[in-house]
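Structural features, examined
These are the residues of each chain, in order.
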Amino acid sequence: MAFGWIDEQAELRRRAGLVRTLRPRPAGTPLLDLASNDYLGLARHPEVTEGAARAARTWGGGATGSRLVTGTTELHAELERELADFCGFEAALVFSSGYAANLAAVTALAPHGSLIVSDAGNHASLIDGCRLARGATQVVAHRDPDAVRKALDGHEGPAVAVSDTVFSVDGDAAPLAALAEACREHGAGLVLDDAHGLGVLGDGGRGAPHAAGIAGAEDVVVTVTLSKSLGSQGGAVLGTGRVIAHLVNAARTFIFDTGLAPAAAGAALSALRLLRREPGRAARASEVARELHARLTAVGLEAVRPDAAVVSVRAPSPEQAVGWAADCRAAGLSVGCFRPPSVPDGVSRLRLTARADLSGAEIERAVRVIGDTRP
C-alpha cells in the first residue's frame, strides 16, 4: 500500500508521547500567553496592525511574484534600509520567512569545498541549511569557541561557522565575540541567527551582534526574523553590500520564492519604528525573563537562567511535559511544550516567552499556575 509506512511511524510517535496536533486559536482568548514569540507585545499594537493594513491597501494582498520579478516594492526596500541601519549593518535583504533567510545564508555562503562548523544546539533551519549546502559540515560542542578552532585547524579553502546567538530551546546565549575571534584566526566567516536577540539584546534591542561589538564587520553575516520581537512575519539577512548582492544572485530561497507580502513588510517596518521610539521595551523583556526565572526556581522548579527572553523549565518526560502544558492551559495559561526531536538534548521542557508587556500580577499568576500543575 502506498505510504503504508506512515501508519507505522504514527504508532511509534504515539508510543513515545510525541504526537503533535494543530490547535486553531480564536481571534480573542482569555488565556495568558507565554507561548508565542511576541517578545515586545507588538503583534496587536495599533501602530503595527495599521501598518499592515495600510500596506495591504496600498500594495495589495500579496507581493505578486518573486523578489527579482514583481515581488520587490518600494516598501521592501525601505524596510531593508531601516533594518540594516538599526542593527548596524551596511545592507539587508528581506525574505518570506526567517527559515528561508537561514537556508539562503548558509547555502549561498558555503560553496563546494568549503567547511561549515555548526553548533550542536543550532535551530533546525540552520541545520537544514547545512544539509543543503555543498560544503562539508562538522558539528561541534555547544557554545565552545575552542571546538570551532579545532574544527577549522588545517582546513584549506572557504570556511564558515554557524550559530544561533540565543538558542531557542533554553534561551542561552552564544559567546559571540569569542566565536568571531576564533573565525578570524582562520580566515573563516561567521553566520549568526539572531532570531531571539533582535528586539531584546543590544542597545535598544539592536540585537546580540550589536551588543557583542561585531555588528557590521565584513566577516559577520546575521539573519533575523520579523515574526518575533517585531510581531510580523518574514526574515532578513544582514551583511556587507557585497554579501547581500551575492545572495540576490545565488540564494535559491530568494530567487525562486514569492516575495514577502506587503502587509507583513508594513507591519515589521511600523514595529521597527516603534521600537526606535520606545527602546525600553527591550530591557523590559529581559527583566521579565529574569523575574520569571527567579520566581520559578524559588518554588523548586528546574529552570534555566535566561540570557534573553526565553525561559525553559525542565519536565520529567515527553508525556508529562504534554500533560503539564495541557493542565496549564486548562488553568488559563498558554505555554510552549518542547519535546524530541525539537530539543537537541532529548530533554522535554516547558518553554516560556517573557513578553515586555506582562504585568507583575500576570507574572505571579503564571508562576502560580506552573507550580500548582507540576507533574
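Bear in mind that the values here come from a model prediction, so they are computed numbers and not experimental data. (Residues numbered from 1 in each chain as written. Predicted model: local features only at pLDDT ≥ 70, side-chain atom pairs only at ≥ 80, totals over all residues. Heavy atoms only, no water.)

Observations regarding the sheet that holds strand 9 (residues 303–304)
Selection rule: Here, strands pair whenever DSSP counts at least two bridges between them. To qualify as a helix, a DSSP run of H or I must reach at least 4 residues; to qualify as a strand, a run of E must reach at least 2; elements of each kind are numbered from the N terminus. Residue contacts are counted whenever heavy atoms from the two residues lie within 4.5 Å of one another. Only the stretch in contact is used when fitting a helix axis, every axis being a line fitted to C-alpha atoms; angles between N-to-C directions are given from 0 to 180 degrees.
Strands sit in the order 1-11-12-10-9 across an open sheet of five strands; the sheet is mixed. Looking at the sheet topology across the chains shown, the edges are occupied by strand 1 (32–34) and strand 9. For strand 1 and strand 11 (residues 333–338), the ladder comprises three bridges, and the chain directions are parallel. Within strand 11, the residue paired with L32 across the bridge is L333. Running at roughly 165° to strand 11, helix 13 (residues 318–330) makes contact with strand 10 (310–314), strand 11 and strand 12 (349–353) of the sheet. Packed on one face of the sheet, helix 14 (residues 360–372) meets strand 1, strand 11 and strand 12 and runs near 80° to strand 1.

Quick look at the sheet that holds strand 4 (residues 136–140)
Taken in spatial order, the seven strands make up an open sheet running 2-8-7-6-5-3-4, and their pairing is mixed. Only two strands of the sheet have a single neighbouring strand rather than two, namely strand 2 (91–95) and strand 4. This sheet shows a mean twist of 20° between the axes of neighbouring strands, independent of strand direction. Judged from the five bridges that link them, strand 2 and strand 8 (residues 235–239) form a sheet pairing that is antiparallel. By the bridge assignment for strand 8, L93 is matched with V237.

Looking at the state of the cysteines
Note on terminology: a disulfide is the covalent bond linking the sulfur atoms of two cysteines. Our working definition: Only a pair of cysteine sulfur atoms within 2.5 Å counts as a disulfide in this structure description.
One pass over the structure, following the stated rule, counts zero disulfides. As a non-bridged cysteine, C130 has C183 as the owner of its nearest cysteine sulfur, 13 Å distant.

Focus on empty space enclosed by the protein
Here the idea is plain: a probe the size of a water molecule rolls over the atoms and shows the empty space left. Stated formally: A 1.4 Å probe that fits but cannot get out identifies a cavity on a 1 Å grid over protein atoms alone, an open set with protein on both sides within 12 Å along at least five of seven lines counts as a pocket, and a residue lines either if it has an atom within 4 Å of a point. Grid points are joined across faces, edges and corners, and a volume is the space filled by probe spheres set on the points. Throughout, the ten residues Ala, Val, Leu, Ile, Met, Phe, Trp, Tyr, Cys and Pro are labelled nonpolar, Asp, Glu, Lys and Arg are labelled charged, and all others, Gly among them, are labelled polar.
Tallied over the full model, the rule gives three cavities of 30 Å³ or more. Its volume calculated, the largest cavity comes out at about 60 Å³. Lining the largest cavity, in full, are V117, S118, D119, V140, A141, R143, D144, V148, A161, V162, S163 and L179. Among the elements of the structure, strand 3 (115–119) and strand 5 (159–164) are those that each provide at least two residues to the lining of the largest cavity. R67, V94, F95, S96, T253, F254, D257, T258, G259 and L260 together form the lining of the second largest cavity. Partitioning the lining of the second largest cavity into residue classes produces four nonpolar, four polar and two charged.

What about the environment of H246?
This is how it is decided: Working definition: with a 1.4 Å probe on protein chains only, accessible area under 20% of the residue-type maximum means buried, over 50% means exposed, and in between means partly exposed.
Within the secondary structure, H246 is located in helix 9 (residues 241–250). We classify H246 as partly exposed; its relative accessible area is 34%. Separated by 27 residues in the primary sequence, H246 and R273 have C-alpha atoms spaced 28 Å apart. Residues contacting H246, with those up to four places away along its chain left out, are A108, L109 and A251.

The values are spatial; any link to function lies outside them.
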